[in-house]
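Chain by chain, the residues:
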Amino acid sequence: MIAGMGISPEGVVAFVDRAVDGLAGIVRDLGDDLANQRPRLPGANSPYAILRHCLGVMEFWGGHVVAGRAVTRDRAAEFAASGPVADLLSAVEQAKRQFKADVATADPGALPRGSRPGMAPDEIELLSQGHALLHVLEEVAQHHGQAELTRDLLLRESGKGEKGAGG
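Just so it is clear, the structure is predicted and the values come from calculations on it, not from any experiment.

*Asks:* Is there a simple way to think about the overall build of the protein chain in this case?
*Replies:* Helices and strands together make up the secondary structure of the protein chain, namely six helices and zero strands. The order of α-helices and β-strands along the protein chain, N terminus first, is α-α-α-α-α-α. For the protein chain, the residues scored as buried account for 47% of the 167 residues in total. Pairs at least 24 residues apart make up 71% of the contacts formed inside the protein chain by residues separated by at least 6 positions. Total accessible area on the protein chain stands at roughly 8600 Å², and carbon and sulfur atoms take up 52% of it.

In structure tokens, the structure reads:
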């Protein structure tokens, strides 16, 4: 269990998988054209880029911060990512397997095995591996909701969705 949180590392994996599967479903259902578009909303990202970013979050926070693997991440490139949906969906399955393996190494109360750029030494002491896992869950859940809204806007803008689409 992650101290004071009432969730196990395995629980984090289950909920992250659920949110990532939801994101992947949105991207799959939109297809190559719409999944790679940004809605007409300032600062919005494409569903493809949102999902790519979530995979980066899983790799960095699970792989580097928790498991201590060397991870090279280009966060800006995640938000600019585009490409064939099939390729991204393949990457999702690999990312889920790797995240599960990384989490299996976690000691929730222990200090991170890796640090994030710009993290001051006193910040590292405040962050546990369990906190890093919860951050991944927070990010993917948040971005799943963002992708749902983005999907609804794209469908409405393209004329392929009904007014009030979503749920």
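There is more to say, and it comes next.
*Asks:* Quick question: what am I supposed to make of the environment of Ala141 here?
*Replies:* Here Ala141 lies in helix α6 (residues 129–158). Note: C-alpha distance between Ala141 and Arg18 (123 residues apart in sequence) is 8.9 Å.

*Asks:* Sorry, what's going on with the packing of helix α1 (residues 9–35) against helix α4 (residues 85–104) here?
*Replies:* For any two helices packed against each other, one specifies the crossing angle of their axes together with the interaxial distance. Direction vectors running N to C along α1 and α4 enclose 175°, while the axes themselves pass 9 Å from each other. Relative to α4, the element α1 lies roughly antiparallel.

*Asks:* How do you make sense of the pattern of salt bridges when you look at a structure like this?
*Replies:* Where charged atoms from two side chains of opposite charge come close, those side chains can pair. The final tally for this structure, using the stated rule, is six salt bridges. For Asp102, the salt bridge is made with Arg69, and the minimal N-O distance between the two is 2.9 Å. With Asp102 in helix α4 and Arg69 in the loop between α2 (47–66) and α3 (75–80), this residue pair connects regions lying 33 residues apart in the sequence.

*Asks:* I'm lost on the nonpolar core in this one. Help?
*Replies:* In globular proteins that are soluble, nonpolar side chains generally tend to be buried together. Within the largest apolar cluster, 43 residues are counted, with the highest numbers of intra-cluster contacts made by Val16, Leu51, Met58 and Phe99. At the level of secondary structure, the elements contributing two or more residues to this core comprise α1, α2, α4 and α6. When residues in this core are grouped by element, the largest group, twelve residues, is from α1. Among all residues touching Met58, those that are not within four sequence positions of it are Val16, Val20, Gly63, Ala95, Lys96, Phe99, Val136 and Val140.

*Asks:* Which parts of the structure should I look at to understand the layout of surface pockets?
*Replies:* Rolled over the atoms, a probe sized like a water molecule indicates the empty space that remains. There is about 160 Å³ of room inside the largest pocket. Looking at the largest pocket, the residues that line it are Arg52, Leu55, Met58, Glu59, Arg69, Ala91, Gln94, Ala95, Gln98, Phe99 and Asp102. If you tally residues by element for the lining of the largest pocket, the top one is α4, at six residues. Of the residues assigned to the lining of the largest pocket, the class counts are five nonpolar, two polar and four charged.

What counts, and at which threshold
- Residues numbered from 1 in each chain as written.
- Predicted model: local features only at pLDDT ≥ 70, side-chain atom pairs only at ≥ 80, totals over all residues.
- Heavy atoms only, no water.
- Helix = DSSP H or I, 4+ residues; strand = E, 2+ residues; numbered from the N terminus.
- Buried < 20%, exposed > 50% of the residue type's maximum accessible area, 1.4 Å probe, protein only.
- Contact = heavy atoms within 4.5 Å.
- Areas by Shrake-Rupley, 256 points an atom, 1.4 Å probe, with all protein chains shown as cover.
- Axes fitted to C-alpha atoms, helices over the stretch in contact; angles between N-to-C directions.
- Parallel < 35°, antiparallel > 145°, perpendicular 65-115°, else oblique.
- Salt bridge = Lys/Arg side-chain N within 4 Å of Asp/Glu carboxyl O.
- Core = buried A, V, L, I, M, F, W, Y, C linked by side-chain atoms within 4.5 Å.
- 1 Å grid on protein atoms, 1.4 Å probe; cavity = no way out; pocket = protein on both sides within 12 Å on 5 of 7 lines; lining within 4 Å.
- Points joined across faces, edges and corners; volume = space filled by probe spheres on them.
- Nonpolar A, V, L, I, M, F, W, Y, C, P; charged D, E, K, R; others polar.

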